[in-house]
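# Working through the structure, step by step
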Amino acid sequence: MPLSTPAPRKHLHTRAIHFAGYEREDGLFDIEAHLTDTKTYAFRNSWRGEMTPGMALHEMLVRVTIDEHFVVQQVEAFTENSPFAICPAIAPNYASLKGLKMGPGWREGIRKHVGGVEGCTHITELLYPMATVAFQTIMPLKRHRANAPDNEVAAFGKKPVVLNTCHAWAQDSPVVKEVAPDYYTGN
């Protein structure tokens, strides 16, 4: 069922975020993110001057290069558009994430290296879901190349890393009963 019909309203702001995962020829993977914030009305910015409707107030790009074990090999961040002249200067700090592993502790590691004044709120927020994008990029590819079924248990005979991370993957759900019966705890 879709969302209900909204009350009468006026569109003011759009935040668009795009993620993409790539396999590189050298065996590594690039996970990229692109964020833009735009308004539907003109306004004045003290640094950039007149902002017209649709002009990006924020525009940030991030590329995280990882290996097949989800270990960060390189991070590039770039601020294309920002509300303050100082914003782009923090982008090089994101290289400090090299060596971090996407998985448990990913968010904590990000906050430790580039949290608060050591980073940009928008770039940092883009990094959090990159682990999920990386997982969705790499794991189905591994299953495909192994000519394996589209679930981890059948494909690799191990406990699903997604177990108990959402409603569908609850240990007592019909999904787990069907695809990972050894881990099913329902009746």
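Sequence order as written defines the numbering, with residues in each chain counted from 1. Reporting in this predicted model follows two pLDDT cut-offs: at least 70 for local features of residues, and 80 or more for side-chain atom pairs to be given and counted; totals over whole chains, interfaces and linings ignore these cut-offs and use all residues. Only heavy atoms go into the side-chain values, all of them from the structure, while hydrogens and water stay out.

## Here we look at the overall build of the protein
When helices and strands are counted, the protein shows 5 helices and 6 strands. Think of it this way: any DSSP run of H or I at least four residues long counts as a helix, any run of E at least two long counts as a strand, and we number them from the N terminus. Secondary structure elements of the protein, listed N to C terminal, follow the sequence β-β-β-β-β-β-α-α-α-α-α. Here the globule rule is a power law, 2.2 Å times the number of residues to the power 0.38, and the radius of gyration is based on C-alpha atoms. Its C-alpha radius of gyration of 20 Å places the protein more than 25% over the 16 Å reference for a compact globule of 187 residues. With respect to the principal axes defined by its C-alpha atoms, the protein has extents near 60 × 45 × 30 Å. Here the protein holds 187 residues, and the buried ones make up 37% of them. Buried residues are those whose accessible area, probed at 1.4 Å on protein chains only, stays under 20% of the maximum for their type, while exposed residues exceed 50% and partly exposed ones sit between those limits.

## A look at the pattern of salt bridges
Any Lys or Arg side-chain nitrogen found within 4 Å of a carboxyl oxygen on Asp or Glu counts as a salt bridge. One pass over the full model with this rule turns up 8 salt bridges. In this structure, Glu32 and Arg63 form a salt bridge, with 2.5 Å as the shortest nitrogen-oxygen distance. Taken together, the residues Glu32 in strand β2 (residues 29–39) and Arg63 in strand β5 (residues 56–66) connect sequence positions 31 residues apart. The exposure class of Glu32 is partly exposed, given its relative accessible area of 21%.

## Overview of the pairing of strand β6 (residues 72–81)
Here β5 pairs with β6 via 8 bridges, running antiparallel. Each bridged residue has a counterpart across the sheet, and for Leu61 the counterpart in β6 is Phe78. A pair of strands is considered paired only if DSSP assigns at least 2 bridges between the two. Linkage of β5 to β6, two consecutive antiparallel strands, is achieved through a turn of 5 residues, within which Phe70 is found at a positive phi near 70°.

## Here we look at unusual backbone geometry
For Phe70, which is not glycine, the phi dihedral falls at a positive 70°. Its place among the elements puts Phe70 in the loop between β5 and β6. Positive phi values are uncommon outside glycine, yet Asn164 reaches one of about 65°. Assignment of secondary structure puts Asn164 in the loop between α4 (152–156) and α5 (174–179).

## Some points on the side chain of Thr36
Along the chain, Thr36 turns up in strand β2. Residue classification places Thr36 among the buried positions, given a relative accessible area of 18%. Residue contacts are defined here by distance: any two heavy atoms, one from each residue, within 4.5 Å place the two residues in contact. In this view, Thr36 contacts Thr14, Arg15, Ala16, His58 and Glu59; residues no more than four positions away in its chain are not counted.

## With respect to the sheet that holds strand β1 (residues 13–23)
Judged by pairing direction, the sheet is antiparallel, and its 4 strands sit side by side in the order β1-β2-β5-β6 without closing on themselves. The two strands at the open ends of the sheet, each matched to only one other strand, are β1 and β6. Adjacent strand axes in the sheet meet at a mean angle of 10° when their direction is disregarded. Across 11 bridges, the pairing between β1 and β2 is antiparallel. Each residue of the ladder has a partner; that of His13, found in β2, is Lys39. Axes, fitted as lines to C-alpha atoms, cover a helix only where it is in contact. Angles between the N-to-C directions of the axes lie from 0 to 180 degrees.

## Observations concerning helix α3 (residues 130–145)
Expected span of a helix, by definition, is 1.5 Å for each gap between consecutive residues, and there is one gap fewer than residues. With 16 residues, α3 extends 22 Å between its outermost C-alpha atoms, agreeing within 8% with the 22 Å of an ideal straight helix rising 1.5 Å per residue. Among the residues of α3, those classed as buried are Met130, Ala131, Val133, Ala134, Thr137, Ile138, Met139 and Arg143.

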